[in-house]
Each structure stands twice: as C-alpha cells, then as structure tokens.
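Coordinate inspection notes
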Amino acid sequence: MTMTDTAPGRTVLGTRMLRKEDPALLTGEAKFTADMHVPGALHLAVLRSPYAHATINSVDVSEALKAPGVKAAYTGADLMPLWGGPMPCAWPVTADMKNPAHYPLAVGKAAFAGDGVACVLADSANFAQDALELIKVDYTSHAVVTDLEDALSDRVVIHDELGTNKSYTWDLKIEGEPGQVDAAFAAAAFTTKERFIQQRLIPAAMEPRAVLAMPQPFGGEMTLYSATQIPHILKIFVGILCGIPEHKMRVIAPSVGGGFGSKLNVYAEELLCTALALKHKVPVRWTEERSEAAMSTIHGRAQIQDIELAADADGKLTAIRVRLIGDMGAYLQLVAPGVPLLGAFLYAGVYELPLAYDFSCTSVFTNMTPTDAYRGAGRPEATYAIERSMDALASKMGIDPLELRRRNFIPKQKYPYTAFTGLVYDSGDHDAAASKAAEMVDYAGLRARQAEQNVAGATKRLGVGLSTYFEMCGLAPSRVLASLNYGAGGWEAATVRVLPTNRIQVVTGTAPHGQGHETAWSMIAAEKLGVDPADVDVLHSDTAIAPYGLDTYGSRSLPVGGVAIAIACDGVIDKARKIAAHQMEANEEDLEFSGGTFRVKGSPDKEMPLAGVAWAAFTAHNLPDGMEPNLEHHTHYDPPNFSWPFGTHICVVEVDTETGQVEVLKYVAVDDCGVQVNPMIVDGQVHGGVVQGMAQALYEGAVYDSDGNLKNPTLAEYLVPSAADVPPITLGHTVTPSPTNQLGVKGVGEAGTIGAAPAVINAIVDALSGLGVRDVLMPASPNNVWNAINAAQGGNS
Amino acid sequence: VIPAAFDYVRAGSAEEAIALIGEHGEEAKFLAGGHSLLPLMKLRLAQPSVLVDIGRVSDLSYIRDAGDHVAIGALTRHRDVETSDLLAQHLPLLAHAASHVGDPQVRHRGTIGGSIAHADPASDLPATTLALGATYVAQGPNGTREIAASDFYQGFLTSSLDAEEMLTEIRVPKMQGAGWSFQKFNRRAQDWAIVGVAAWRRNGDSGVALVNMGSTPILATSVSAAIASGASIEDAAAQAVAEAEPQADLNASVEYRTHLAKVLVRRALTEASA
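Residues numbered from 1 in each chain as written. Chains lettered and ligands numbered in written order. Predicted model: local features only at pLDDT ≥ 70, side-chain atom pairs only at ≥ 80, totals over all residues. Heavy atoms only, no water.

This part takes up the packing of helix 7 (residues 231–242) of chain A against helix 8 (residues 268–280) of chain A. Axis angle and axis distance: for two packed helices, these are the angle between their axes and the distance between the axes, and together they describe the pair. All names here are of chain A. For the pair helix 7 and helix 8, the least separation of the axes is 10 Å and the interaxial angle reads 50°. Between helix 7 and helix 8, the angle falls in the class oblique. The handedness of the crossing between helix 7 and helix 8 comes out as right-handed. From helix 7, L234, V238, L241 and C242 reach across to helix 8, where they touch E270, L271, T274, A275 and L278. Split into classes, the residues belonging to the contact of helix 7 with helix 8 amount to seven nonpolar, one polar and one charged. (Axes fitted to C-alpha atoms, helices over the stretch in contact; angles between N-to-C directions. Helix = DSSP H or I, 4+ residues; strand = E, 2+ residues; numbered from the N terminus. Parallel < 35°, antiparallel > 145°, perpendicular 65-115°, else oblique. Left-handed = near helix turned anticlockwise from the far one by under 90°. Contact = heavy atoms within 4.5 Å. Nonpolar A, V, L, I, M, F, W, Y, C, P; charged D, E, K, R; others polar.)

In this section: the sheet that holds strand 14 (residues 218–219) of chain B. Residue and element names in this part refer to chain B. If you walk across this open sheet you meet the four strands as 11-12-13-14, and the pairing is antiparallel. Each of the sheet's edge strands pairs with one partner strand only, and the pair in question is strand 11 (179–185) and strand 14. Seen against the sheet, helix 8 (residues 124–131) touches strand 11, strand 12 (195–202), strand 13 (205–211) and strand 14 and runs at an angle of roughly 160° to strand 13. This element, helix 10 (residues 221–228), spans strand 12, strand 13 and strand 14 of the sheet and lies at about 155° to strand 13. (Pairing = 2+ DSSP bridges.)

Of the residues lining the interface, 25 residues belong to chain B; the matching set on chain A comes to 33 residues. When chain B packs against chain A, the two sides together hide about 2300 Å² of surface, and 53% of this comes from carbon and sulfur. Three residues, B:R187, B:R188 and B:L250, lead the burial of chain B against chain A; their summed loss comes to 31% of the area buried on that side. Joining chain B to chain A, the criterion identifies five salt bridges. Connecting chain B to chain A are 14 residue pairs in polar contact (both at pLDDT 80 or more). Grouping the constituent residues of the side of chain B that touches chain A by class yields 12 nonpolar, six polar and seven charged. (Buried area = accessible area lost by both parts, 1.4 Å probe. Salt bridge = Lys/Arg side-chain N within 4 Å of Asp/Glu carboxyl O. Polar contact = N/O pair within 3.5 Å; in protein donor to acceptor, adjacent residues only side chain to side chain.)

Turning next to the pattern of salt bridges. All names here are of chain A. Summed over the entire model, instances satisfying the criterion amount to 56 salt bridges over all chains. Between K66 and E63 there is a salt bridge, and its shortest N-O distance comes to 3.0 Å. Here the residue K66 and the residue E63 both occupy positions in helix 2 (residues 62–66), the gap between them amounting to three residues, near one helical turn. Looking at K66, the relative accessible area reads 61%, which means it is exposed. (Buried < 20%, exposed > 50% of the residue type's maximum accessible area, 1.4 Å probe, protein only.)

Turning next to the nonpolar core. All names here are of chain A. Grouped together as the largest cluster of nonpolar side chains are 170 residues, with contacts concentrated most on Y667 and I764. Ranked by the residues each element gives to this core, the list is headed by helix 20 (residues 751–768), at 12 residues. Ignoring sequence-local partners within four residues, the contact set of Y667 consists of H649, I650, C651, V690, M694, P728, I729, T730, G755, A756, A759 and V760. Ranked by size, the runner-up nonpolar core spans 52 residues in total, among them L529, A580, V600 and M627. (Core = buried A, V, L, I, M, F, W, Y, C linked by side-chain atoms within 4.5 Å.)

Residue and element names in this part refer to chain B. Here T129 shows up in helix 8. Of the polar contacts made by the side chain of T129, one reaches the backbone oxygen of P126; its length is 3.0 Å. If sequence neighbours within four positions are ignored, T129 has contacts with L94, I116, A134, Y136, A149, Y153 and I170.

Turning our attention to the state of the cysteines. Residues and elements named next belong to chain A. In this structure the tally under the stated criterion is zero disulfides over all chains. For the unlinked cysteine C473, the closest cysteine sulfur is that of C673, found at 8.9 Å. Take C473: its relative accessible area is 0%, and that puts it in the buried class. (Disulfide = S-S within 2.5 Å.)

What follows concerns the sheet that holds strand 3 (residues 50–53) of chain B. All names here are of chain B. Across the sheet, which stays open at both edges, the three strands sit in the order 1-3-2 with parallel pairing between neighbours. Each end of this open sheet is capped by a strand with a single partner; those strands are strand 1 (7–10) and strand 2 (28–31). Looking at each pair of strands side by side, their axes are set apart by 25° on average, direction ignored. Across the face of the sheet, helix 1 (residues 14–24) comes into contact with strand 1, strand 2 and strand 3 while running at roughly 155° to strand 2.

What follows deals with the packing of aromatic side chains. Residues and elements named next belong to chain A. This model, assessed by the stated rule, comprises 22 aromatic pairs over all chains. Ring centres of Y357 and F420 lie 4.8 Å apart, and the angle between their planes is 65°; on these two criteria the pair is classed as edge-to-face. Here Y357, found in strand 15 (residues 356–365), pairs with F420, found in the loop between strand 16 (417–418) and strand 17 (424–425); they are 63 residues apart in sequence, far enough to count as distant. Owing to a relative accessible area of 7%, F420 belongs among the buried residues under this scheme. Measuring from centroid to centroid gives 6.3 Å for Y415 and Y417, while their planes differ by 50°, and the two rings are tilted. (Phe/Tyr/Trp six-rings, centres within 6.5 Å; stacked < 30°, edge-to-face > 60°.)

Turning our eyes to something else, we now look at the environment of A:Y425. Residue and element names in this part refer to chain A. Within the secondary structure, Y425 is located in strand 17. Between the C-alpha atom of Y425 and that of P88, which follows or precedes it by 337 residues, the distance is 32 Å. In contact with Y425, not counting residues within four places along its chain, are F345, G349, I410, Y415, P416, Y417, A419, F420, F470 and W644.

When pLDDT is averaged across chain A, the result is 96; 98% of the residues are at 70 or more. Note on residues 1–7 of chain A: pLDDT is under 50 here. Beyond four places in sequence and across chains, it has 17 contacts. (pLDDT = per-residue confidence, 0-100.)

Written out as structure tokens, the structure is:
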C-alpha cells in the first residue's frame, strides 16, 4: 500500500478527535427538516388504508374540505395528472423482473395496510390530521398474503396486471466443471441443510422522515428539504416525476437523524409535498409520526433462506447451495430487488470455496410494507446463514466451531484473493482477528467453564457463539454495478478549495446522517494539507453547493467519498507545488511538502507555507505561465474494487432454561476496517452496529396478523433495545490496510450489524445444545427460546 | 402523535378538581402525571373533551406514618415512593416495585394514584398494593370513602371509582418485617411486565399478586391458602394461576405466560421465605 502524503508521521488521522457535529446536536442547535420555520406552509397529512389488500371503490373528500383550516384534499386519482411516471425502482435485476406501477397515492387498489389513498392540505398538522377522519373511503377487502411461500403459490394475486406475485428469480451458479455442485454434495463427508428465517425489521431511525417543499416565487425553482440519505439521487427522481427540470431542482438534507437505509429511497411524501407545493405555489410540509413510520417507511431483511453446505472429511467446504425467497412487500422500492444480490456473493463468508456454488433467489410481493436496504442489506442475512451453518457443521462433525472456521479461513498469504465469484478480496487476516477475539474472551476458559456448568438439570446454561464475517463495502466500482443491472454508478465526487486566507472548503457528494463526515473529512484534508481540522469546513447534502454525488449508504462514504477527498487534496498539493516552485525559483521535484509547508530539499531556509501559496494563487500576480488562478481541485473517483472489512465477534450468553430468558454476559468484537481515520467514530459505529444486530437476534421483528395488520407499530411494542438493555461490548481491532486506496481504509458502517446476529444466536444454540436445541427463531424472545427447548424436549420443559 | 382537540383546566385542590369533573361530565378526565392517559390520547384511543389537570394539587403528594399503615398521597411520584426512607423501613416491597416502573423519566412524572386509578393489569403498583392489602381512599362530591384494593379492580382499565370520584390516598399496612420478593419479567428494562409477581410472607401469612395475568391485577389467594395450610413452596406455586385469566399477546402465549407465572411465584416465595 501507499500512504504517500500521510505516513509516516501522521498527526491527525488515527486520533480520537471529538466530533465537530456534536455541539450543535447536543445543544439542540442543529436544524432538522421539521425545525425549519416557514410561515404560511401548508401541512400534508396522508390517509392510509386500514386494509392490507382492498379495492378502493370510491373516495369522498367533500366533508374533509369543509373542516377547519383545510385548504385542499385529494384522492389518488385526482393527482395522477401530476406524475411524470410511477415511483422508481432503480435496480431491475433481471430483464423480466415484474414491477407493479406504484404511485404516491394508490389508485384502484390498496396493497398494504398503510398504503396512502388520499391526502389533506391544511394550515396546521392538527387540522390536517383531524380532517383525515372525515374522508370516506369505500373499500372491498380481499384475501391477504403475508406468507412468502403462500405468495409464491399465487393463491391470491396482489397485482392483477402482473398475474403473479413473483417479481423475479436471479441465479448465480458457479462451477469449475458442469455438475460440480451436485458432485460435491454426492461426494461430501458431511453435509448440512438448514432453513433460516430473516424476520422483518423496522429501521426505526431516531428522526422519523420529514419533508418540506418550497417553491421559489419566481423562476420555477423548487427547494426540497428532506430527511434523506440521498439528496442527489432524490433530486433527479423528484425532478423527473414532478416535472421540474433538474437545474431548477435543489434538494437539501439538513441535519438528519439516522437512516440505516430507510432514508435511501424516493418516497411518496417527498413527491406529494413537491407536486402540491408546485400546484398551490406555497410551501408544503409533512412530518412523519412514529407509528406512521412503522407502516410507511421501508422495512428490512424479510427472507427465507435455505442453505446447504458440503464438506470433506476435514470439514473443508466443497460446495454451497442457497435458495432464497425475498419478501419485497407490496411494491418494489428504490433498490429492494438488489438486496439479495448484495448478499449472494457472501454466502461463503471468509472461507475458501472451490468453484462450486449454486445460488438462486426468488422475490415475491406480499401485502405488507415494502422492504428495501437496511443496515447491511443482504450481507447480514448471508453472514447469518453461513455462520449458523458453520456451527451446524461443526456440531455434526463433533469439532469446535472455531477450529472448523480456522480450517476454512482464506489464508493471509493468499491475499489479494480471487474468490469463486471472481471478486477480488483486497486484504485480510482472519486468523489474527479470530485469535485476538478468542484471547480477549478467554475462549478456552469459557469452554472449560461451560463443561462444568451445563450439566444435566442445570437451569442456567452457558453458551459461546462465534461469527467471522466479511463486509463487502465501498459501493462500488461502477462497472461492477452495471454488471448487476444497477441503475447508477458508484463513484463519488469531491472538491477541495484553499480559500485566500488558507481556510479549507471540502465539498463532498456524501450525505451524512449521523456518521460524522464533517469530522472525518476534515481530518483527511487536515492531514493531507497540514492544516488544523478546525480550519476545514465540509460542505455537503445540498445539491446547489455539492451538485455531484451519489450519497451515503453501503459503507461507501469513507472508501469512496473519503478517498476522493484525499485525491482532491493531492490535486491541490500538485498545483500548490508548482506555484511554490515558481515563487521560490526551485525545481518542483526538489520540493517536499509536510506539515503544511513546502521546503526545498537541502536548503532548510527556503520554504513556503501553504498559506502563502493560497494567497499567491488568489492574487495571481506571479503564477507560472498558463496557470489558472486560485487553489482548487475537483475530482470524481470511481473505486477500482469493493473494500473488504472483516472480523470476528464472540458472544457469551447464559440462558435461563425455565423462562427462556437470555442474558448476554460478554460480547467481544474484533473488527478490521483497515486504517482508522477516527477510532472514536469507529468504536461508535461498531457499538451501534452490534446493538442493531443484537436487536435482530433478541428483540425486534415486525409482526403481522393474518389480515395483514402490523401488530407492533409503536416503540412500546416494537422492541428497540435501550441503553439499559445493552451489555458491555468489548472492542478489539486489527488493522489490515486496504491496498486499493491511498488511505488504506475500508469502511465500517455495517460491520457490527453483520457480525452480531449470528454470534448471539450461535451462543444461544450452543448453550442449549445439551437439551437437543438446534435452532431458535429470531428474535430469540423468552417465549421463542422456551418453545425451542420444549420442542427439543418433546413437549416437556 | 397528534391527539384530538380537547379543553384543559387546572385544579388547585381536590375539591376543585371534583367540582370541575362534575361540571364537565363523562367526557372529562383527570390528568395527573400523564404517563398512562397521554399516550392513549396521542394514538386517539382516548379522546376526552376536557382534561382536569390535578398535577399541581400539591397537598396530595406525601408519604406519612399512620401507625399500623403508611398513607401515601395519590399524587406522590413513583420516584418519591422508590426513595422514601419510611417506605424502605416499613414497606420495602412497595418501594422496590416503584423502582421498576418504566424508566427514570417516567418515575419522575408518573404518580402512584394515577397508576392505580388507571387500573392497568400490566402495571406494577396496582398488583403490589393489592398483594399488600392496601386500602384506597376516594373523594367525591359527597365526601370520602375507603375501597379495599381487592374490591377496586373491576375489569381492564376499569375501577370501582365513580365518574366524579378522585383517588386521593393509598393506605398500605406495614409489612412488619415480612420477607418479600418482586419478580418482574420483561424483555426491556423500561417495559411493562410480561408477568410480574409481588409477594410477601411471614410464616403462614402471605400475600401474592400477579401482574399481567388477566384483565385486572390478580390476587393469588390459592397460593396464600396453600402456604397457610403448610404446603411446600413448590406445591403452593403450582396454584399460581388458579385465579388468573392469562391472555396471549406479542410477548407471550397463554401457555408460556401460565408457565412463567408458576416459575416466578416459586422464585418469589423462595426469596420471600429466605
């Protein structure tokens, strides 16, 4: 790897600098979309179908129109002339993928409980909410589909025009020679065959969605504030769908309170506010309610996974077969069809696999809230399946699960490693991460203690669970995305500008919503340019200020956006070097740049600080012939590869076999995300990710009844764990720099989530293995654990 | 999160509050700490037309030694019950149970009277005061009356308070050094119990009440009868659900809830007998 301008002697990168964002957030000074004070704005409220599957016979808004404060009310049919087309799905994974027309308000049929059927504009949110109760809708309800296999049967077809609930089947079959997978299973010394259920999760970002559309009085310009992760992508789609030329459309994502993928979408309310602001020539705003969010913002996960492993007598994997059913919900959201594909490449985890892989995913429509990318998007699901299966294989072989993993790790010396999929893994040292985690948790000691504790009749049983994982991130090389039929590229833009007084502006196309980009990008620029991070300002999330960008998701911002900033800094330094050489009458090659100053090698008295160069570039009095004034560099960086963070998580639990209660005693996470820009932020990302993965394992799950009603739409019922419920998390790190970018960084946004769920469930199953338990449904609620024990014990607890 | 429109009046005294409720009729509700009523209103599951705020009736916030019992003003915050030295000495079970209500924010706002008057079978303090044989004092337009806790809970969120009555005081007999246990089983610290047990025991005397095992808090009289007759803890606990009518919800099936009640009663009796 190269770290030309940052190593050795880094002074900023790698430090635990406090976040620049936090004072405003902690004092309430930060402005979120709902904080924008706009006199005269109309408030939007959306009437949502209480039925999961119903024909809309008629909608009567006449009474609502008479209600106090109401300015307008519309049905889905009323608004159809406003739309330039249906809401977008940008990832048509196959040529024959079925995609039902999906409009901001349903017309003809409501396909899930929460589907918008009418809306009101009023002077206040209260008036709008009250008026919703006066809208009369005549529905004819139909049989409902909430089970994925039932959906596949087409017993009830949700979208009549498609004739089926199947959206697509996407296959990835890789064989060295024809029939290799079948042959490997036939010849295997050991095989496993497991079914795992990835329950539906509600992303539950701290800030619900919020939208404010402000038409400019003259010139046809529209400014859209939205609590979104994707201001740039949103600008394009809202412009097209609402008939606003792109150059007149400005999207601003002010402070945004979390997303986890749930704000990586083009939503009905963004289109409704924009179109109605245009129509009424006044600002229109909407702020989501929490229980509304549970129904109308995307859900995540929601897959049935059938996975089979074949292994030789030593436990070395010889083939993997995967069959998925993906639950798209009622419609296809922005990138939903691609989510299983992001996992498809990771079902062999961090293990060597011959060219013997057979993956197929079929995705279906159901009468539930649409799904889409949720923290990890396909990769936590894949990791869960392989890591649970590795434990099943170890159990079958009667060997320690850590030992089985060690036998299968891709060895360090084979990196960069070309995997069975053709993808090249950049760098890794799985044994180092696993050994470190095992040492930190006292793995051998735990196994000894477990043998003592888990005797017949013991009511508190100890369990140890492992997961070793890859996070395919840094989305993504644009050509790879093209090969997957994704509708956009994966590059990122950056501009670095040295202002006349040597203050730095960094313009980025990333769109932070809690990650701390202002801090991290300042640190990168400060390190490269030799300035104080306080003298760097990061401009982002406003398409008028940062017109190019592909936004923030998929752990892409640092390995793509952050690297783009480093490259732009290099461009600035190159130009500055020419100016400094010219001014000092030295050869460019003789100048070295460190600590923000150019020095002539061998002439310690000849030096020129960047501040001097910046001023000289500004005055332009004495620049080399032909050089343009000012010190600025703009770049668009398309990464040559994904990045491949990895790690080992080990969870220790005690299970109360009488009550099914699981107590997490210890959680060790060793993550390797390459070079760390700010270890404090890395720790925070891992903490949050682990808790989110643990939440899937133990707490969360959207529950629907057979009529398609979401039974737990509030945070009293949907169990997002609180600080009081989270065990101490012990962090360790190994650092294996990525060789594909100059910073050596890999990204860390999803790592914790990917590693945690399988570690926790493996631990629970390990604790209960002596009782014959082989699997526990997620979330492993006390009732579910008790059921698993009962089932294993033949009905007697 | 936007409740239906309502009027708001603030009462300066219990008498004024009762007069205001009488004036506004059945659509009026008392508002104490607001931690039960306001969430229902935000979901529009409750739509009272008038709220009579009794939150500033300061003379109903007290904990007093009244000889054989402790008298607690209805507007005493959970936090004050949790940290009272008097209760720690004479009613440690009650103080401990109060420390399990919701989270610190809830305990600083919610009141013991509000919790009891709301009559939620899943709340901690109705069952705990029931186990302790408490008496509740209600004040109405015609004066006050005492209601035994065992007569108070009529059905889901329904008490024997008349529409114009206000709960003013909770009288709890001193525990006289009895052993006790409070078992709250839940998934998150802040949640209502999936099943809870409040129990005390002094030799053959005991009181056991169950949280969230029916439409009201349940007094497990069969368990106490078994203890009185000298049954083993194991055998007494087997009677845990004799009076219960458990329902299924997202956290527990009827079978699981029944099983859990027996396990938790056994554990509670074991701890209270130690």
